[in-house]
Amino acid sequence: MTLPSKWARMDWPLLLNALALCAIGLLNVYSGTRVHGVPGTALVTKQLIWILLGVGAFFAVYLLSDGFIEETANGFFLVVILLLVVVLLAGRVRGGAQRWVAIGAFNFQPSEFAKIAVTLALARYFSSKYRYGGIGLRELLPAIGLVLAPFLLVALQPDLGSAGVFLFILAGMAVVACVRWKVLALFAAIGAAAVPALWFFMKEYQRERVLTFMNPELDPLGAGYHVIQSKIAVGSGGIIGKGYMHGTQGALRFLPEQHTDFAFAVFSEEWGFLGSLLLLVLFLLLVYRLFFLTVRSQDRFASFACGGIAVFFLTHIVINLAMVCGLFPVVGIPLPFVSYGGSSMLTGMMSLGAAANLSRSRFTFQGGGEKGRELAS
């Protein structure tokens, strides 16, 4: 029996959902970067280029041969670890943090690519250790060691927000990979007990973020300024918003980082509760589709990888929206496809390309291996 071609098996809903979010983000960047009626075309043009490059990256990953992503997952992980080391040794410093690698006029953030690299590496490891009855403590410890390396390298930049994402990905994939619930409960208790100890490893500005998260009015013109202005922007949108390009918090520069970390605040002010609800529905549809592919896939690695990618997006969405609304400390986590940024755009599109590529395995009838790949080709 001849199976459908790669294009016939393409997951178009996944790509169209992402493009809809990109379109919203592009309009939002234009509105958020204008100043007193002056068009914000510079960053919009760059963001459009990043979107086009992202779509190219999506198809480049999607068109990879069956099994290629699984076979190269560990190699990709090692390359990203090397890049994280390069960042610490010769990375570009911006805003007191050393997070970027500069190649001519091009800057990229390896910590963003590390998120998908960790996801794929964990998927390969868990798929090789999976057994009926669940994965035990002995099998989970190497997975923790695998995540520990990028976690420490990113935390040293310092970027505790991105470093924390690795832990959420590990926790989510442990659930997807059926780690025994007693093991999960043990590490949840250890993690909860370790949270207070993190205070002593934080830098002074990071401690200020935690304190102002609890009470932003402690420093309304300093560390608490971001959160206060963001909450004003979100609340002032009301039910239907002030209208596109009629927001004031972003245009008058009361809201810092209005096109990156706090892009949702600009959107919420202009489109209100109803517009924000529509945006949230689009995000939920994206995550739902990824979890749908997780359940439907007959290939174990594909299932775990799609589940990990779903957790990756869900973590970014929840943390960013909670941060903008003052329900989580400011940690610099972008909103996928809506926040301005090249590294996050490429990472998001590459992740969806990988999910679309791996979702082709839902047409197979084997749990992985060469026989399953032959049926999928």
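Higher on the page you've got the structure.
The present account deals with the structure reproduced in this document. (Residues numbered from 1 in each chain as written. Predicted model: local features only at pLDDT ≥ 70, side-chain atom pairs only at ≥ 80, totals over all residues. Heavy atoms only, no water.)

With that out of the way, let us pick up the overall build of the protein chain. Counting its secondary structure elements, the protein chain contains 13 helices and 3 strands. Out of the 377 residues belonging to the protein chain, those deemed buried represent 52%. Considering only residue pairs separated by 6 or more positions, the protein chain has 74% of its internal contacts joining residues 24 or more positions apart. Taken as a whole, the protein chain presents about 17200 Å² of accessible surface, with 71% of it coming from carbon and sulfur. (Helix = DSSP H or I, 4+ residues; strand = E, 2+ residues; numbered from the N terminus. Buried < 20%, exposed > 50% of the residue type's maximum accessible area, 1.4 Å probe, protein only. Contact = heavy atoms within 4.5 Å. Areas by Shrake-Rupley, 256 points an atom, 1.4 Å probe, with all protein chains shown as cover.)

Angle between the axes and distance between the axes are the two parameters that describe a pair of packed helices. Close contact between helix 4 (residues 110-129) and helix 11 (residues 300-324) brings their axes to 8 Å; oriented N to C, the two are set at 145°. The element helix 4 and its partner helix 11 pack so that their crossing is right-handed. Contact residues: helix 4 offers Glu112, Lys115, Ile116, Thr119, Leu120, Ala123, Arg124, Phe126 and Ser127, while helix 11 offers Arg300, Phe301, Phe304, Ala305, Gly308, Ile309, Phe312 and His316. Taken together, the residues of the contact of helix 4 with helix 11 break down into 9 nonpolar, 4 polar and 4 charged. (Axes fitted to C-alpha atoms, helices over the stretch in contact; angles between N-to-C directions. Left-handed = near helix turned anticlockwise from the far one by under 90°. Nonpolar A, V, L, I, M, F, W, Y, C, P; charged D, E, K, R; others polar.)

What follows concerns a nonpolar patch on the surface. There is a patch of nonpolar side chains on the surface, built from Ile239, Ile240, Phe273, Leu274, Leu277, Leu280, Val281, Leu284 and Leu285 and spanning about 840 Å² of accessible area. Tracing the chain through its elements places Leu274 in helix 10 (residues 263-296). Overall, Leu274 belongs to the partly exposed group, its relative accessible area being 47%. (Patch = residues over 30% accessible without salt bridge, like charges linked within 9 Å, V, L, I, M, F, W, Y side chains within 5 Å. Salt bridge = Lys/Arg side-chain N within 4 Å of Asp/Glu carboxyl O.)

Before going further, it helps to examine the packing of helix 6 (residues 160-176) against helix 11. Here helix 6 crosses helix 11 at 135°, and the two axes come no closer than 9 Å. Classified by the angle between their axes, helix 6 and helix 11 sit oblique to one another. Relative to helix 11, the crossing made by helix 6 is right-handed. Contacts from Val165, Phe168, Ile169, Gly172, Met173 and Val176 of helix 6 reach helix 11 at Ser303, Phe304, Gly307, Gly308, Val311, Phe312, Thr315, His316 and Ile319. Class assignment for the residues of the contact of helix 6 with helix 11 results in 9 nonpolar, 6 polar and no charged. (Parallel < 35°, antiparallel > 145°, perpendicular 65-115°, else oblique.)

Let us now look at empty space enclosed by the protein. Tallying each qualifying case throughout the model produces 3 cavities of 30 Å³ or more. The calculated volume of the second largest cavity comes to roughly 70 Å³. What lines the second largest cavity is simply Glu112, Phe312, Phe313, His316, Pro334, Pro336, Phe337, Ser344, Met345 and Gly348. The set of elements that each furnish at least two residues to the lining of the second largest cavity consists of helix 11 and helix 12 (342-359). (1 Å grid on protein atoms, 1.4 Å probe; cavity = no way out; pocket = protein on both sides within 12 Å on 5 of 7 lines; lining within 4 Å. Points joined across faces, edges and corners; volume = space filled by probe spheres on them.)

Attention now goes to the side chain of Thr315. Within the secondary structure layout, Thr315 lies in helix 11. The class for Thr315 is buried, based on a relative accessible area of 10%. With sequence-adjacent residues up to four places away left out, Thr315 is seen in contact with Val165 and Phe168.

Next up on the list: the environment of Thr119. Position of Thr119 among the secondary structure elements: in helix 4. Sequence separation between Thr119 and Gly307 is 188 residues; the distance between their C-alpha atoms is 9.0 Å. Here Thr119 is in contact with Ile169, Met173, Ala305, Gly308 and Ile309, once residues within four sequence places are set aside.

Quick look at unusual backbone geometry now. Look at Cys178: it is not a glycine, yet its phi comes out positive at around 65°. Among the structural elements, Cys178 can be located in the loop between helix 6 and helix 7 (181-194). Even without being a glycine, Met245 presents a positive backbone phi close to 65°. The topology assignment puts Met245 in the loop between helix 9 (225-236) and helix 10.

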